[in-house]
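# Observations on chain architecture
The lines below spell out each chain.
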Amino acid sequence: MIIYGTNGSLVRTVGAEPELACPACTTPRAMRLSVFSRYLHVYWIPLLPYTKPAVAQCTRCGGAWEASELPPGAGEVQQALRRLKKETRAPWWQWSGLAVLGAGLGWGLLANNQDERDTAAYVAAPQVGDVYTIRSADSTGHAQYSLLKVVGAQGNGVELVANEYVTDDAHPLQQLNFPERYAQESFPLTNLDLRIMLNKGELTDVDRLGQ
Ligand SMILES: [Zn+2]
C-alpha cells in the first residue's frame, strides 16, 4: 500500500498596504494577505506543489476570504491578493520527492548505459580472466544462466572454459564463479561468434576480473 496525500504550508504573509480596508468591517490597514502552497506527498515526502491558495484576513474582525470569495467592491484587496500570489513561488523543498526520483532515474540510466558500453567493449577486445554470462532457455522456456571464462585470447578468437552449473539468477557470478565449477577442457570461439551471441542476447554480461 502506498501512503500518499496532500499537505500545505504557509509561504508568505504580508500586512497590507494602507489603502486596503476590510470588506466586512471597513477597518483600514487591518488586512493581512497570505499565500499557501499545497503539495502532494508520498510517505510524507513532498513530491510536488500543485496549487497556491491565497487568503485575505482581517486582523480586526477575523473575516477571511480567498480571492474568488471576496465580495464585490473589494476589488483592491482582490488585486493585491492576486498580485501576491503571482509573485510567490512554491518553496523548493516541495519538489524534493520529484527531484530525488529524477536523479535516481537519471543515475540508473547512466549506470545501465555504461554497463552496456563496457560489455560491448570487453567482447570486442577479450582478455584472459573475462567471465561471460550466458543466457539460455530450459525445456520449459525459462531463462537459465551460466558462465564462460576466457583462458586464452589471441588474434581473432578466445579459448573458453564452460561453467558446469546453471542458475536462474541473471547475475550468476557470485554463485558459480569458482575454479572447481568449470570444465577442464577448453574450446575456441571466434570474436565474431562472441559478437553474434551478444547481439542475440545470449551473452548478457562481461565481468573483467583480471587473471
Ligand atoms: Zn474586518
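Residues numbered from 1 in each chain as written. Predicted model: local features only at pLDDT ≥ 70, side-chain atom pairs only at ≥ 80, totals over all residues. Heavy atoms only, no water.

In the annotation of an unreviewed UniProt entry, the entry for the chain reads Zinc ribbon family protein, and the organism field reads Hymenobacter chitinivorans DSM 11115.

## Overview of the packing of aromatic side chains
Any aromatic ring pair is given by two values, namely how distant the centres are and how the planes are angled relative to each other. To keep it simple, the criterion reads: When two rings of Phe, Tyr or Trp (its six-membered ring) have centres within 6.5 Å they constitute a pair, described as stacked for plane angles under 30 degrees, edge-to-face for angles over 60, and tilted for the intermediate range. Note on conventions: DSSP H or I runs of at least 4 residues are helices, E runs of at least 2 residues are strands, and numbering of each starts at the N terminus. Note on classification: 1.4 Å probe, protein chains only; a residue is buried when its accessible area is under 20% of the maximum for its type, exposed when over 50%, partly exposed between these limits. Geometrically, a charge over a ring is one whose NZ (Lys) or CZ (Arg) sits within 6 Å of the ring centre while staying within 35 degrees of the ring normal.
Going through the model one piece at a time under the given rule, you end up with 1 aromatic pair. Centroid distance Y39 to W93: 5.3 Å. Interplanar angle 80°. Geometry classified as edge-to-face. Taken together, the residues Y39 in strand β2 (residues 31-42) and W93 in the loop between α1 (75-87) and α2 (96-124) connect sequence positions 54 residues apart. Classification of W93 as partly exposed rests on a relative accessible area of 31%. The residue whose ring lies beneath K149 is Y182, and the NZ or CZ to ring-centre distance is 4.3 Å. The positively charged end of R181 is found above the aromatic ring belonging to Y165, 4.5 Å away from the centroid.

## Quick notes on the domain arrangement of the chain
As a reminder of what qualifies: A domain assignment, automatic or from a database, supplies the domain bounds used here.
By the assigned domains, the chain splits into domain 1 (4-99) and domain 2 (112-208). Computed from C-alpha coordinates alone, the two centres of domain 1 and domain 2 are separated by 62 Å.

## Focus: the side chain of T88
Stated formally: Any two residues having at least one pair of non-hydrogen atoms within 4.5 Å are treated as being in contact.
Here T88 is to be found in the loop between α1 and α2. Classification of T88 as buried rests on a relative accessible area of 2%. Discounting residues that sit within four places of it in the chain, T88 has contacts with V11, R12, V35 and K52.

## Let's talk about the pattern of salt bridges
This is how the line gets drawn: What makes a salt bridge here is a side-chain nitrogen of Lys or Arg within 4 Å of a carboxyl oxygen of Asp or Glu, nothing more.
Going through the model one piece at a time under the given rule, you end up with 3 salt bridges. The shortest N-O distance in the salt bridge between E202 and K200 comes to 3.9 Å. Residue classification places K200 among the exposed positions, given a relative accessible area of 59%.

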